[in-house]
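# Secondary and tertiary structure notes
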Amino acid sequence: MFGHSHRGGGGGGGHRRRRDEDYPVHETDVPATQIGEQTGPLHDVDALLAADQQRQLASFSFGGVADQLPPSPELIVQGYGRVALPLVDPAEAARLAATCQQAPFGRGTETLVDTAVRRTWQLDPAAFAVHGAEWNDGIAAFGPLIAEKMGFAGTPLSLEPYKLLLYEPGGHFACHRDTEKEDGMFATLVIQLPSVHSGGQLIVYRNGVPIFHDFGAARGTAASQCHYAVHYADAEHEVTPVTQGYRLALVYSVCWPASQGEPTVPPTSADADGTAALAAALGKLADEERRFYHLLDHDYTAKSIKQLGERALKGVDRERVASLCAASRLLSQDRRYAFYIAEATRKTLHAFDGPESGWSEYWEPVIRFERYQRLDGTRIPGDASLGHLFTNRDVLNPDSKSMLQLWAGHRRQESGWLGNDGPSQDTIYSKYVLIAWPERLAGVFEVLAQHDTRALKALVATQPTDAQLIELLDAIKASIALSEEDEEKIEALHMRLRHETLNALVARPFNAALFERYMDLFPTADSHLYSPCGSVDLVRLARHKEAWSAVRPRMLAAFSKQPTVAEQALSDCLVQNPPPDFLRMLYEARVAADEAQSEDDQAKLAAVKALVEQQVASLRAERDRMYPPPSSDTYWRFDKADYGSDHRVFTFLHGPERTLTLPMPQGSSQAHRFLSHCNRALSGLPPRSSKRAKSARPRLPAFSFTATATGEGESTTVTLTKTDEYPQRREVERLGARQAMDKQIAKLVTLLGEERGPATASGSASGSASGSASGSAVDISDASPLGAELPSQATGD
Ligand SMILES: O=C(O)CCC(=O)C(=O)O
Ligand SMILES: [Fe+2]
């Protein structure tokens, strides 16, 4: 898993496993005060998550025996009379149900009856009453009790009777939230009258975690006493099916007082579990674009995490992840967090420094993350460790644990050998980690996890904003700088990235900051030149007007530092006809490089001049070698002539003679065949006998001549006479190719011309006819314009 090489060479020898107690090394711990934030928004998140879970639960939903209520309340129902509690007789239950309505439920603005969702009988408060002062006092006592339990003691809450509910076997209410029935209603109080039944539990969910209310079933008090439960109205809850017996419950709306005192807005469940405060702290972190991680408390199997994602989490991990998610959801879209679960390892390496010094840390502990998945369990491709993007400060540490406490759990130790450096010991801790990353930058996270050009392309395909792209480039830079991958791999990635990055940048509207990032990523001259499309990309960049002016100074600096790369770039780029300013930059870089090394200005300049002159001279030599000027001796030598079918003709075409006379002893028919053969060759068609004859297209031959037959019978001859057509065509081609090279040469000469000329030298190419010392070495008079000086007449005839 850890492929990097060891310091000091030698490499790690074969590790062998030992028992734990064999290990002599004990790491010095990092105290809790140095992990995570001691103050600031991440610390606020710590504190809020750390707040007593039980207290939070208790204020979210609570209940129990209602001691203050009479054990046998006097419940009177219109059209039925007094209900004997508990209600057990099916005939009585049926008679009571006959006075009720099937309870509906709300969906959107509609009110529906669907016994699959809700099955219970209900009565409005007008149709029933509970008599007795003890009952009324008992109900009145719920106001202060609820206020206190929910955390706002002293607030005069009011209770409004809402419904009487009767559940028969099969009665239930699927998961729902209560709609506000009265002004200020924010919670619901359920009072279960003495009942004998099975099932019919009320389950309230807090961030998906259930809080059960069994109304005395487990304690065996359900039949003899009233029980109650309170929950925030906006909390999800359900009533599980009653499987036996009957359940009678009274539902009250718990209401916030109308606008005296403050706050005037009724609280919600978010207040109960600190979600609102958590959201505020998270929002601050998001504003700072902070990322952080949290080491999960419990141990998990790779399989469960892989299959279930967040649903595999247990206990406090589940709670905390749910709280963070709920808090994040309260924020506006652009301030939310994306959460990922990953495998985390922390590796330390200690070396034995000898009996006196003992063991010491060989390198800083390395934290790696890998196998990222979203909370829903879907995997993010790529395994690049992003551990180095987080510092100790970016640790969510609600339990204020020290480093070793945080990583306590799974640990593996291995002894090894560090070449000359002696014995070593690796310690690898592994844990699961929750990673929090600003959601609007989630694309960046996923790109980094992949850590290759595919990832960059993927982000570019999503049409990211400039800010996102900048973030990505910065992150790539950080990730490359700190990467533990071996250098070669990084180098290769770097190289491929450079080309892709440029592609991405030039395809979008210009943004100077983006090109700054580009230069940050690839600051050296050789990172520009020695990479796929290196010189091509350099020239491309130079042709992009705005980009070029943004990067030019830094390019200049980079190439000045690497004069030999500047020289190489000079020759590599010339073939691509680069913009003059680009050549100028390379030239300046070369001058600057020399300036940095030499004291004598003249000498410096001369050295650079010599370099360019050398380049010019070698280009000219190359040009003359490839395209020598014609001479009388070579004019009639068609040395590219291809006339394979007759060696006499071939030799003639390649030789200096202008005419050839061939005997045709078989007379005119032979001469005729010969001539038609010649004509075919002259038209550029291959000989008829050739297999290519039919398909081949005519190609202008590298020769030209006329052929005429004279004489009769046995004395018939054919005379071939070379014509000017081919040698002139050859000359046009030669001059064209020569001119292309001359253009390159002229560009270099321009540099010298400007360098030699006055400080105000114009950018135009002048051969510097003014005649300076080096003038003769670089004059470009040789570059004759195409066609202007074509020989109109064959020479050397
Ligand atoms: O029966 C209960 O305990 C609660 C019923 C309920 O959730 C409701 O009426 O909204
Ligand atoms: Fe409800």
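Residues numbered from 1 in each chain as written. Chains lettered and ligands numbered in written order. Predicted model: local features only at pLDDT ≥ 70, side-chain atom pairs only at ≥ 80, totals over all residues. Heavy atoms only, no water.

The subject of this paragraph is the site of ligand 1. Around ligand 1, a shell composed of R118, L165, Y167, F173, H176, D178, V190, H237, V239 and R247 is seen. In this structure, an oxygen atom belonging to ligand 1 sits 2.6 Å away from a side-chain N or O atom of Y167. The contact in question runs from an oxygen atom of ligand 1 to an N or O atom on the side chain of R247, over 2.8 Å. In isolation ligand 1 offers 290 Å² of accessible surface; the protein chains occlude 97% of this area. Those elements that provide at least two residues to the shell around ligand 1 are strand 10 (158–167), strand 11 (172–176) and strand 17 (236–239). Of the residues contributing to the shell around ligand 1, the split by class is five nonpolar, two polar and three charged. (Near = heavy atom within 4 Å. Polar contact = N/O pair within 3.5 Å; in protein donor to acceptor, adjacent residues only side chain to side chain. Areas by Shrake-Rupley, 256 points an atom, 1.4 Å probe, with all protein chains shown as cover. Helix = DSSP H or I, 4+ residues; strand = E, 2+ residues; numbered from the N terminus. Nonpolar A, V, L, I, M, F, W, Y, C, P; charged D, E, K, R; others polar.)

Another point: the environment of K306. By secondary structure assignment, the location of K306 is in helix 7 (residues 302–308). Here K306 falls in the exposed class, since its relative accessible area comes to 56%. Distance in space between the C-alpha atoms of K306 and R374 is 9.8 Å, their sequence separation being 68 residues. What K306 contacts, discounting residues up to four positions off in sequence, is Q373 and G377. (Buried < 20%, exposed > 50% of the residue type's maximum accessible area, 1.4 Å probe, protein only. Contact = heavy atoms within 4.5 Å.)

Judged from the two bridges that link them, strand 11 and strand 17 form a sheet pairing that is antiparallel. Its bridge partner being in strand 17, F173 is matched across the sheet by V239. Inspection of the sheet shows strand 14 (residues 202–206) paired to strand 17 by four bridges, in the antiparallel sense. Bridge pairing in strand 17 links V204 to H237. (Pairing = 2+ DSSP bridges.)

Another aspect to go through is the packing of aromatic side chains. The geometry of an aromatic ring pair is captured by two quantities: the separation of the ring centres and the angle between the planes. Taken as a whole, this structure holds 26 aromatic pairs when the rule is applied. Ring plane angle 85° and centroid distance 6.2 Å describe the contact between Y300 and Y432, whose orientation is recorded as edge-to-face. Of this pair, Y300 sits in the loop between strand 19 (292–295) and helix 7 while Y432 is found in strand 23 (residues 423–438), placing the two residues 132 residues apart along the sequence. Judged on exposure class, the residue Y300 and its partner Y432 are both buried. Linked through ring pairs, Y293, Y340, F369, Y372, F390, W437 and F445 together constitute an aromatic cluster. (Phe/Tyr/Trp six-rings, centres within 6.5 Å; stacked < 30°, edge-to-face > 60°.)

It is worth spelling out the coordination of the iron ion (ligand 2) at this point. Metal coordination angles in their ideal form are 109.5 degrees for the four-donor tetrahedron and 90 or 180 degrees for the six-donor octahedron. Protein coordination at the iron ion (ligand 2) comes from H176 (NE2), D178 (OD) and H237 (NE2), with a distance range of 2.1 to 2.2 Å. Linear spacing of the donor residues for the iron ion (ligand 2) on their chain is H-x1-D-x58-H. Of the two residues, H176 sits in strand 11 while H237 sits in strand 17, which places them 61 residues apart along the sequence. According to the relative accessible area criterion, H237 is buried, its value standing at 4%. (Donors = N, O, S within 2.8 Å, 3.2 Å for Na, K, Ca; no water.)

Quick look at the sheet that holds strand 11 now. With antiparallel pairing, the five strands of this open sheet are ordered in space as 7-11-17-14-15. With one partner strand each, in any of the chains shown, strand 7 (118–119) and strand 15 (209–213) form the two edges of the open sheet. Pairing of strand 14 with strand 15, which is carried by five bridges, proceeds in the antiparallel orientation. Directly across from I203, in strand 15, lies its bridge partner F212.

All right, on to the pairing of strand 18 (residues 242–255) then. A large share of strand 18 lies buried, amounting to 11 of its 14 residues. Pairing geometry for strand 10 and strand 18, over nine bridges, is antiparallel. Opposite K163, over in strand 18, you have V251 as the bridge partner. Judged from the four bridges that link them, strand 13 (residues 196–199) and strand 18 form a sheet pairing that is antiparallel. Bridging across to strand 18, G199 finds its partner in V242.

Packing of helix 14 (residues 512–521) against helix 17 (residues 545–561) leaves a shortest axis separation of 9 Å and a crossing angle of 30°. One way to sum up the angle between helix 14 and helix 17 is to call them roughly parallel. Where helix 14 crosses over helix 17, the two elements pack in a sense that is right-handed. Note on element contacts: helix 17 touches helix 14 through A547, A550, V551, R554 and M555, opposite F515, E516, M519 and D520. Partitioned by chemical class, the residues of the contact of helix 14 with helix 17 number six nonpolar, no polar and three charged. (Axes fitted to C-alpha atoms, helices over the stretch in contact; angles between N-to-C directions. Parallel < 35°, antiparallel > 145°, perpendicular 65-115°, else oblique. Left-handed = near helix turned anticlockwise from the far one by under 90°.)

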